Amino acid sequence: MSLIVQKFGGTSVANPEMILAAARKAIRAQQQGNQVVMVVSAMGKQTDQLVDLASQITDRPSAREMDMLLSTGEQVSVALMAMAIHSLGYQAVSLTGAQIGIRTDASHTKARILSISTDRLQHLLDQGNIVIAAGFQGIDENMNITTLGRGGSDTTAVALAAVIRAQSCEIFTDVDGVYTTDPRLLPEASMLEQISYDEMLELASLGASVMHNRSIEFAKKYGVPIHVRSATSDAPGSWITSQPCPSERPVCGAALTKDEARISVLGIPDEPGMSLQVFSAVAARQVTVDMIVQNISEQGHADLSFTVPCNELETALAAIEEALASLGAGRVTYDEHVCKVSVVGLGMAEQTGVAEKMFAILAAHDINIQMISTSEIKVSVLVDQDAAIPALRAAHRAFELEQDLPRRLTGPPPGAVVADAADVAEQLQEIGMEELVLDDITLDTTQGRVTISGLPDIPGVATRVFHEIAAGGIVVDMIVQGHDSHAEDASLSFTVPREHVAAAAEIAERLSQEFSCRGVSSWSDIAKLSVSGVGLRSNTRVAVRTFRALAKAGINVDMVSTSEVRVNVVVDGSSGSRALESLRKAFADRLQGTDAGN
Ligand code: ADP
Ligand code: ASP
Ligand code: MG
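Heads up: these notes are all about the structure in this document.

Rules used throughout
- Residues numbered from 1 in each chain as written.
- Chains lettered and ligands numbered in written order.
- Predicted model: local features only at pLDDT ≥ 70, side-chain atom pairs only at ≥ 80, totals over all residues.
- Heavy atoms only, no water.
- Phe/Tyr/Trp six-rings, centres within 6.5 Å; stacked < 30°, edge-to-face > 60°.
- Helix = DSSP H or I, 4+ residues; strand = E, 2+ residues; numbered from the N terminus.
- Near = heavy atom within 4 Å.
- Polar contact = N/O pair within 3.5 Å; in protein donor to acceptor, adjacent residues only side chain to side chain.
- Areas by Shrake-Rupley, 256 points an atom, 1.4 Å probe, with all protein chains shown as cover.
- Salt bridge = Lys/Arg side-chain N within 4 Å of Asp/Glu carboxyl O.
- Buried < 20%, exposed > 50% of the residue type's maximum accessible area, 1.4 Å probe, protein only.
- Pairing = 2+ DSSP bridges.
- Axes fitted to C-alpha atoms, helices over the stretch in contact; angles between N-to-C directions.
- Contact = heavy atoms within 4.5 Å.
- Parallel < 35°, antiparallel > 145°, perpendicular 65-115°, else oblique.
- Left-handed = near helix turned anticlockwise from the far one by under 90°.
- Nonpolar A, V, L, I, M, F, W, Y, C, P; charged D, E, K, R; others polar.
- Core = buried A, V, L, I, M, F, W, Y, C linked by side-chain atoms within 4.5 Å.
- Expected span 1.5 Å × (residues − 1).
- Patch = residues over 30% accessible without salt bridge, like charges linked within 9 Å, V, L, I, M, F, W, Y side chains within 5 Å.

1. Thoughts on the packing of aromatic side chains
So, step 1. Enumeration over the complete set of coordinates arrives at six aromatic pairs.
So, step 2. Considering the side-chain rings of Phe218 and Tyr222, the 5.7 Å spacing of their centres and the 25 degrees angle between planes classify their relative orientation as stacked. You can see Phe218 and its partner Tyr222 sitting in helix H8 (residues 213–222), four residues apart, about one turn around the helix.
So, step 3. For the pair Phe466 and Phe494, a centre-to-centre distance of 5.2 Å together with 70 degrees between the ring planes defines the contact as edge-to-face.

2. Digging into the site of ligand 2
So, step 1. As a matter of local geometry, ligand 2 sits amid Ser41, Ala42, Thr47, Glu74, Phe136, Arg150, Gly151, Gly152 and Ser153.
So, step 2. One of the side-chain nitrogen or oxygen atoms of Ser41 is found 3.2 Å away from an oxygen atom of ligand 2.
So, step 3. Separating a nitrogen atom of ligand 2 from a side-chain N or O atom of Thr47 is a distance of 2.8 Å.
So, step 4. Out of a free accessible area of 260 Å², ligand 2 has 86% covered by protein chains.

3. Focus on the pattern of salt bridges
So, step 1. One pass over the full model with this rule turns up 29 salt bridges.
So, step 2. Taking the shortest distance from any N to any O, the salt bridge between Lys220 and Asp198 comes out at 2.8 Å. Here Lys220, found in helix H8, pairs with Asp198, found in helix H7 (residues 197–205); they are 22 residues apart in sequence, far enough to count as distant.
So, step 3. On the basis of relative accessibility, which here comes to 19%, the residue Asp198 falls in the buried class.

4. A look at the sheet that holds strand S9 (residues 168–173)
Note: strands within a sheet are paired through backbone hydrogen bonds, in either parallel or antiparallel orientation.
So, step 1. Spatial strand order, S3-S6-S2-S1-S9-S11-S12-S10: eight strands in an open sheet with mixed pairing. The sheet is open, and its two edges are formed by strand S3 (92–95) and strand S10 (194–196), each paired on a single side. Taking the axes of each pair of neighbouring strands and ignoring which way they run, one obtains an average angle of 20 degrees across the sheet.
So, step 2. As paired elements, strand S1 (residues 2–8) and S9 share five bridges and run parallel to each other. Counterpart to Lys7 in the pairing with S9 is Ile171.
So, step 3. Running at roughly 85 degrees to S10, H7 makes contact with S10 and strand S12 (238–241) of the sheet.

5. With respect to the packing of helix H11 (residues 354–364) against helix H14 (residues 461–471)
So, step 1. One can describe the packing of H11 onto H14 by two numbers: an axis separation of 8 Å at closest approach and a directional angle of 140 degrees. Viewed along their axes, H11 and H14 adopt a mutual orientation that is oblique. Where H11 crosses over H14, the handedness of that crossing is left-handed. On H14, the residues touching Glu356, Phe359, Ala360 and Ala363 of H11 are Ala462, Thr463, Phe466, His467 and Ala470.
So, step 2. Here the residues of the contact of H11 with H14 sort into six nonpolar, two polar and one charged.

6. Quick notes on the site of ligand 1
So, step 1. The environment of ligand 1 is made up of 17 residues, and the closest members are Thr173, Asp174, Tyr179, Asp182 and Arg184.
So, step 2. In the model, a nitrogen atom of ligand 1 is placed 2.9 Å from a nitrogen or oxygen of the Tyr179 main chain.
So, step 3. Arg184 places a polar side-chain atom, nitrogen or oxygen, 2.7 Å from an oxygen atom of ligand 1.
So, step 4. For ligand 1, the accessible surface in isolation is 570 Å², of which the surrounding protein chains cover 85%.
So, step 5. Class assignment for the residues of the shell around ligand 1 results in six nonpolar, seven polar and four charged.

7. Points about the nonpolar core
So, step 1. By size, the foremost hydrophobic cluster in this structure holds 52 residues, and its most contacted members are Val5, Ile116, Met200, Ile226 and Ile240.
So, step 2. Those residues within four positions of Ile116 in sequence are excluded, and the remaining contacts are Ile100, Gly101, Ile102, Ala159, Leu160, Val163, Gln429 and Met433.
So, step 3. Core analysis: the second largest hydrophobic core is formed by 50 residues, Phe279, Ala283, Ala551 and Ala579 among them.

8. A closer look at the sheet that holds strand S25 (residues 559–562)
So, step 1. Read from one edge to the other, the open sheet built from four strands follows the order S19-S24-S26-S25, with strand pairing classed as antiparallel. Strands at the two margins of the open sheet, each flanked by one partner only, are strand S19 (437–444) and S25. Strand after strand, the sheet turns through a mean of 10 degrees between neighbouring axes, direction not considered.
So, step 2. As defined by bridge partners, S19 adjoins strand S24 (residues 526–534) across seven bridges and the pair is classed as antiparallel. Looking at the pairing, Thr442 lines up with Ser530 of S24.
So, step 3. Docked against the sheet, helix H16 (residues 541–552) engages S24, S25 and strand S26 (566–572), running at close to 20 degrees with respect to S26.

9. Remarks on H16
So, step 1. With twelve residues, H16 extends 16 Å between its outermost C-alpha atoms, agreeing within 8% with the 16 Å of an ideal straight helix rising 1.5 Å per residue.
So, step 2. Positioned one or two residues after H16, Gly554 has a phi angle of 70 degrees, which is positive.

10. What about a nonpolar patch on the surface?
So, step 1. Taken together, Val76, Leu80 and Met83 make up a surface patch of nonpolar side chains, about 240 Å² in accessible area.
So, step 2. In this fold, Leu80 is placed in helix H3 (residues 63–87).
So, step 3. Judged by relative accessible area, Leu80 falls into the partly exposed class, the value being 32%.

11. Topic: H7
So, step 1. The element H7 is largely enclosed, with a buried count of nine among its nine residues.
So, step 2. Considered for burial, the residues of H7 that qualify are Tyr197, Asp198, Glu199, Met200, Leu201, Glu202, Leu203, Ala204 and Ser205.
So, step 3. One or two steps after H7, the chain reaches Gly207, where phi turns positive at roughly 130 degrees.

12. A short note on the environment of Gly149
So, step 1. Note on placement: Gly149 falls in the loop between strand S8 (145–147) and helix H6 (153–163).
So, step 2. Given a relative accessible area of 10%, Gly149 falls into the buried group.
So, step 3. It is 35 Å that separates the C-alpha atoms of Gly149 and Ala329, two residues lying 180 residues apart in sequence.
So, step 4. Beyond its immediate sequence surroundings of up to four residues, Gly149 is in contact with Thr109, Lys110, Phe136 and His212.

13. So, the packing of H16 against helix H17 (residues 576–586)
So, step 1. Put simply, H16 and H17 touch, their axes get as near as 9 Å, and they point 130 degrees apart. In terms of their interaxial angle, H16 and H17 are classed as oblique. As H16 packs across H17, the resulting crossing turns out to be right-handed. Contacts between H16 and H17 involve Arg545, Thr546, Ala549 and Leu550 from the first element and Ala579, Ser582, Leu583 and Ala586 from the second.

14. What to know about the environment of Leu536
So, step 1. Mapped onto the fold, Leu536 is located in the loop between S24 and H16.
So, step 2. Leu536 sits in the buried class, given a relative accessible area of 2%.
So, step 3. As for Leu536 and Glu564, which are separated by 28 residues in sequence, their C-alpha atoms are 4.8 Å apart.
So, step 4. Not counting the four nearest positions on each side in its chain, Leu536 is found in contact with Leu436, Leu438, Val531, Val542, Ser563, Glu564, Val565, Arg566 and Val567.

15. A short note on the side chain of Lys25
So, step 1. Mapping Lys25 onto the fold places it in helix H1 (residues 16–31).
So, step 2. With residues up to four places along the chain from it excluded, the contact list for Lys25 reads Gln6, Phe8, Phe172, Ser230, Ala231, Ser233 and Asp234.

Next up, the structure:
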């Protein structure tokens, strides 16, 4: 018998009528011959109200008690849903996360799922029940209730779909599907009929809150097809599977992270292991770090900039202060008035010029870019918060994302199910379902690097640089621009094929003089190492492990860029093979299907 998981978000169960409507959908799916597991979120804004209640008692509620409080929202809605199904004459049983056996680690308010037992669930399904699971919660080894982080019911749903080998996971929500960007921010956004796991993972972690990013990690690792659709209609929505959207567009979507803060750590000694000290301190407190940029050292010092979610700024700053105190050097500056605008698309890997186009459109709107970080399938820029919507709109329009694509699908896209996912599933139930899975670690010695320091902090510089480089017929790979707050300027580094380093440096030199920059430096002998896998950015430990492995081998990191599917580091060319060796050793326990993993 086929199995299906249906998840209903908060706005889709906001009142008794909507609960009854959701119950009818589940009953219909059962009548069509499926065993049905429902995953339900707290009603409407219930979770926000509980958060607010806690804040009226204390500014610093204990994380354990917060989980105890927030998990009640879902307990209410699952019980009401079971009653609704009973009232319609069908069998249903509601279960909390603990009753299902969703074991998590003990990191309250952002717990990760370790394992899920399926016995009770399967037994209840076999007896003809619709099983209603409370979303967003689990239990740690000491029987403490944990929650998975805001929006975490999606993750419960996909994780359950993974362990019971459901045919698909339907996400019923208050939009018709996945759009090219949040349609509440840009009404001109268009709906996507299908999107790949990698693209959705990237978009979700860069601000597309329609899906909890960790749910997509599950979907990709376990090969679960996801169908995001409207709770109030029967219209088909968007499929998230291994298959990308068949479109010529290099970009499939744009996202905005509004509540981002930039942190710069200035004047740390430019020696192997120094970045590590800062990162491990931040990562130890489970802060999600993004847009890591290490500026090339001047007078033996390095400046390190990165972004963190605003609500984790205080924790990150405390961790850094501690790390700097033990280093006996460096100081911190930060800016909370920034936001991150990103464009994402698998097509970028084949089509050049995406980053250049993004910089050009922002310059045309007089928007200053404070930081840049590019990876194979995304370009992120940091801009002032006041420019958030204009920047998002400009990027969305530049890639013609408002244009509807023709609808072709009548069911899941062909080839959506990943055949070997079952093996991964077995293995991960043992070590922890959300554990890191890496595909490969590679070394690229075909590139060189150009760095322009002391770029003035004004709109239009990045676009001029990449316009001229492209006009010279040179293809740029990695781009990072850091914010240099002590000098109120920035430093921009990029990699190009080795044979083009001299030409690129010449162009950079000309522009450096025109813009009165401090200078240009170039290296034709660099090594780029890429660690690829699933959910790497949300797993801050990957960056830390990378830095640690390189520091241990005495290798300095010159450039870093991270995405959900890849962490790239650039080191001196002469250290390339040693760096590869040390990374393979450091990640041996997480590498799939390579010698290191066996
Ligand atoms: P639920 O309560 O059903 O989980 P959420 O509020 O978490 O719903 O997610 C749905 C919301 O996600 C939409 O109302 C929309 O505003 C927002 N959203 C953000 N980015 C996107 C996107 N790219 N496509 C669709 N919706 C998006
Ligand atoms: N109720 C939780 C929240 O509001 C979980 C969820 O809705 O996914 O974040
Ligand atoms: Mg949600």
